Amino acid sequence: KGIFPASYVCLKESDVDYRGTSYEVVIPKEDAIVKEMTSVLREWSAIWKQQYVENKLQLFVALRKIMWDMVEYRQQLLSGTLTQDQMDEIKEKAIHNIDWGNSKMGLDLVPRINGEMVDADSCSVVHLYQEEVASGTIKRAPKAKTKNVTTQHHIYFNMNSFMCNVEESCEVFFSLYNGKSSKFFSERFMVSIGKHFSNQKVNQLQKVSNSTCVFTDLGSVELRSTDTYLVAHLIRVGKMLPESKKVSSVSYRRPYGCAVLDIVDLLQGKEEIENSELFMPIQFTSETEFLTIHESIIKKLQSKNGLPESSTGIYVSMRLLHGELEKIQQENPLLFPEGIAVARKLGFPEIIMPGDVRNDVYVTIEKGEFEKSGKTTAKNVEVSMSVIGANGRLIEDCIYLGAGGKPCTEYESFIYYHNSSPKWNETVKVRIPSDKFVGSLLRFGFRHVSKFEEKHKELKTFAFSFVKLMGEDETTLPDGSHELCMYKFDSNSYFDSKAFINMPSLVSEVGNMKYSQMERLSRSSKDSFSVRTLVCSTKLTQNVDLVGVLKWRKQSNLQAVVNSLFKIDGEEIVKFLQDIFDALFSILNESVEEYGNLVFQAMVHVIWILSKQKYQHFQAVLNTYIEKHFSATIAYKYVTEVMEFLKSSTE
C-alpha cells in the first residue's frame, strides 16, 4: 500500500527512455495534441499575466478566452467519451488556437505533419524547411494575386430583452431595410411577446425566448450599402380599442409601434458593434402614419437632433458572419441550436448554391378601397388569406407570418380602425410543394369587424378575391403588383372554388375571359384590392421559353425552341441545369443533321453562363451530370466530332 489515497492517484501508460541511466526520462503515452496543449498553457500563463501588467487589455481578454477554450478542449479529449470525428474536430480547433496565440504574441510557429508537431531532432533540415513553408511560417515569393472573395454573408441576430408595457400580447417583426431604394429586402423574423408580461411594471426588462435568428443570403451589394437598417414593427394582439373595459372573446391584430436601428457599422465589420448590446427605442404614432413610420424614424436618425430619448425599447445584439451557412453551423453548434430561425433574402442571393431548394411565394397585402355601404363611418376591414388546392380543399399550415413563427392555415391582417382606404404593406410567405402548385390558388376574404365581436368572424365576410398561382401555360404567377377582382360574398361560392375558378381573378382579365351565365358572380365594382407577389422557386419558372424547352416534345418547331434558350436568364438556366441538358441531348438524338450545330451552340452558351462568378458553384453540378447522368451515345459521338473540327479549323 502507498501513502496517497487511491482517488488522488491516476496511473498513466508511459514509455521510458534511457532506462537504467542517469538520463532516464519517463514520457506519458498521451495524445500529442493533449501534451502540446499542456505545455502551451504553462508557457502562456506567465505571458498572459504580463499582458495585463503592460496594459495590453485587448490581447489579455482574447488570450483568456482562448486559454479557457483550450482547457475545455483538453478535458474533452481526456474524457474518453468522444467519437473519432469529434476528437478530430476538437484537435483542429485546438491547433488553430495555438497557432493564433503564438502569432499574436510573437512566439515561434510550429511546423506540423497531420496536425502533430514535427520532431526537429529526427527530421532533416530540408524536410523541416518544407514543413515550415507548408505551415506558413516561411513565406515563398508572392504569386500573382487571385481573386477569392467570400460572397456569402449572414447576420446573427438576438433580441436580448423587450422593455415596453403593451398590456396585451404582442408580435414583433424584424426585417432588413434599404433606405436608398426604400424597400425591405429580407424575410421578417417574428418574436411573440406573451400576455403574461402585462403584469410587470412599466418599462421593466422582459427576457424573451426563441428570439435568435440568422438573416442570410446577404451579398457584397448589401455590405457596401451605406443606408441599411434593421426595422422592428410592433403589432398588438387583443382588443380593438385598448382603453375599452368590455371583455371581447375575439382578438384582433392592431398596429402599435416601430423601432429602427442603423446597421451600416455592423456590415462594415466594426468590432465594437459586434461585441455590444444595442438599444432600439420604440416610437409610437397614429394608425394613418403606421405604413411610413419607419421612414420618419430614419429621417430623424439622419437629422442633427436625432431621436428623442426614450426608456421604451428593445435591446438586441448582432454579429456578422462570413462563408457558407452550413459550414458555420457545424463549426458553431452552440450558436446555432437545432431549429434556429433563418430569415432568407427576398429573392435569390448573388451566389446560388447547388442543392438550395426553394419553393416560396412572398405575398404582400398592399392596399384596398372599400365603400361605406350607407354607413356614416368607414369599415374596420380585416383581410384573410388561405391557400386552396386543386381538389378544392384548404392546404394546411403553409403560411408563415415570419421566420420563427409557426405555420398557419389562414392569415389574418392587422386592422385599421374606421379606415376606408387601408394600406397594410404586410408580407407573408407561402410555402407549398411544387407538385401542388398546379391548380392551386390564393383566396382572400374581407371582413367588417366591430370592436365588440361575439360572432364567428367568417359570418362577417362581405367580399372575396382570388388569384391562381399557376397559369395555363404552366408558368407561375408573374412577380409584381396585381389588382384583383372583388366579388360579393356568397357562402355557396366562397367555400367552393369550383364556383369561381373560371371567373377572372385579375382586373386586367375582365372582358378577355369567357364564362357561362351559371358561373357569373356579382362583382363589388366600388371596392378594390391589390397584392404584390414574388416567386422564389428552384422547381418552377415564370419563363414561357424555359417551359417550352423542358416540354419540347409538345412543340412543333424545335429550332425555335432551342433558339429561345439564348434569351433565358442565367438564374433560370442554373435552376434547371440537368433538365435543360437532358432536353438538348434528346433533341440532338431526334436529328443530328437538322439540329446538331444549333444544339452545340446552345450547350456552349449554357457552359459560358456557368463560368460567371455568380454561378461558379454550379460547375460541380455540371461535372456530376457528365460523370453520372450523361448517357446520350449519339450526342457524345457528334459533340466529339464538332470539337475535333473546331480544333482543326483554329489551327
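So, here is what we can say about the structure in this document. In this text, all values refer to a predicted model and were calculated from it rather than measured experimentally.

Next up on the list: the overall build of the protein chain. When you go through the protein chain residue by residue, the secondary structure sums to 17 helices and 26 strands. The buried share among the 651 residues of the protein chain stands at 45%. A separation threshold of at least 6 residues defines the contact pool for the protein chain, and within that pool the share at least 24 residues apart is 72%. Element-wise, carbon and sulfur atoms account for 50% of the exposed surface of the protein chain, whose accessible area totals about 36,400 Å².

Right, let's get into the layout of surface pockets. The calculated volume of the largest pocket comes to roughly 2,000 Å³. As for the largest pocket, its lining consists of 35 residues, and the residues nearest its centre are K65, D69, R319, E331 and N332. Elements that contribute at least two residues to the lining of the largest pocket include exactly α2 (57-79), α3 (84-104), α7 (271-274), β15 (313-322) and α9 (325-331). Top element by residues in the lining of the largest pocket is α2. It accounts for nine residues. In terms of residue class, the lining of the largest pocket is made up of 13 nonpolar, ten polar and twelve charged. Composition of the lining of the largest pocket by domain shows at least three residues from each of domain 1 (6-108) and domain 2 (153-344). In this structure, the second largest pocket encloses a volume near 990 Å³.

Before going further, it helps to spend a moment on the side chain of E171. The residue E171 is located in strand β6 (residues 169-178) in this model. Using a relative accessible area of 12% as the deciding quantity, one classes E171 as buried. A polar contact of 3.0 Å, which involves the side chain of E171, links it to the side chain of R253.

Running from N to C, helix α14 (residues 577-590) and helix α16 (residues 619-629) point in directions that differ by 50 degrees, and their axes come no closer than 10 Å. When the axis of α14 is compared with that of α16, the two are oblique. Regarding α14 and α16, the two cross each other, and that crossing is right-handed. Between α14, through L577, Q578, F581, D582 and F585, and α16, the contact on the second element is made entirely by V621, L622, Y625 and H629.

The strand order across the open sheet formed by five strands is β20-β18-β22-β23-β25, and the pairing between neighbours is antiparallel. Pairing within the sheet leaves two strands with one partner each, and these edge strands are β20 (410-412) and β25 (487-488). As defined by bridge partners, strand β18 (residues 381-388) adjoins strand β22 (residues 441-448) across eight bridges and the pair is classed as antiparallel. Its bridge partner lying in β22, S386 is registered against R443.

This next bit is on the sheet that holds strand β21 (residues 423-431). The pairing of strands in a sheet happens through backbone hydrogen bonds and is either parallel or antiparallel. Ordered in space as β19-β21-β17-β26-β24, the five strands form an open sheet in which the pairing is antiparallel. Two strands close off the open sheet at either side, each with one partner strand: β19 (399-400) and β24 (480-484). As defined by bridge partners, strand β17 (residues 359-369) adjoins strand β26 (residues 528-537) across ten bridges and the pair is classed as antiparallel. Bridge pairing links K367 to S530 in β26.

Calculation criteria
- Each chain has its residues counted from 1, running along the sequence as written.
- The predicted nature of this model means local features are confined to residues of pLDDT at least 70 and side-chain atom pairs, given and counted, to a pLDDT of 80 or more, with totals for whole chains, interfaces and linings taken over all residues.
- Side-chain metrics rest on all non-hydrogen atoms present in the structure, leaving aside hydrogens and water.
- Secondary structure elements are taken from DSSP: a helix is a run of H or I of four residues or more, a strand is a run of E of two residues or more, and numbering for both begins at the N terminus.
- Each residue is placed in one exposure class: buried if its accessible area under a 1.4 Å probe, protein chains only, is under 20% of its type's maximum, exposed if it is over 50%, and partly exposed if it falls in between.
- It only takes one pair of heavy atoms within 4.5 Å for two residues to be counted as in contact.
- Exposure was quantified through the Shrake-Rupley algorithm and a 1.4 Å probe, taking into account, for residues, occlusion by the shown protein chains and nothing else.
- Cavity and pocket criteria rest on a 1 Å grid covering protein atoms alone: a 1.4 Å probe that fits but cannot get out defines a cavity, protein on both sides within 12 Å along at least 5 of 7 lines defines an open pocket, and an atom within 4 Å of a point defines a lining residue.
- Grid points are joined across faces, edges and corners, and a volume is the space filled by probe spheres set on the points.
- When residues are sorted by character, Ala, Val, Leu, Ile, Met, Phe, Trp, Tyr, Cys and Pro go into the nonpolar class, Asp, Glu, Lys and Arg into the charged class, and all the rest, Gly among them, into the polar class.
- An automatic or database domain assignment provides the domain bounds reported here.
- Identification of polar contacts relies on pairs of N or O atoms within 3.5 Å, with a donor-acceptor requirement for protein atoms, meaning one able to donate a hydrogen and the other able to accept it, and with residues adjacent in sequence counted only if both atoms are side-chain atoms.
- Note on method: axes are straight lines fitted to C-alpha atoms, helices fitted across the in-contact stretch only, with angles between N-to-C directions ranging 0 to 180 degrees.
- Orientation categories follow fixed angle ranges, with anything under 35 degrees roughly parallel, anything over 145 roughly antiparallel, 65 to 115 roughly perpendicular, and all other angles oblique.
- Two helices cross in a left-handed way if the nearer one is turned anticlockwise from the farther one by less than a right angle. They cross in a right-handed way if the turn is clockwise.
- In this analysis, strands are considered paired if DSSP registers two or more bridges between them.

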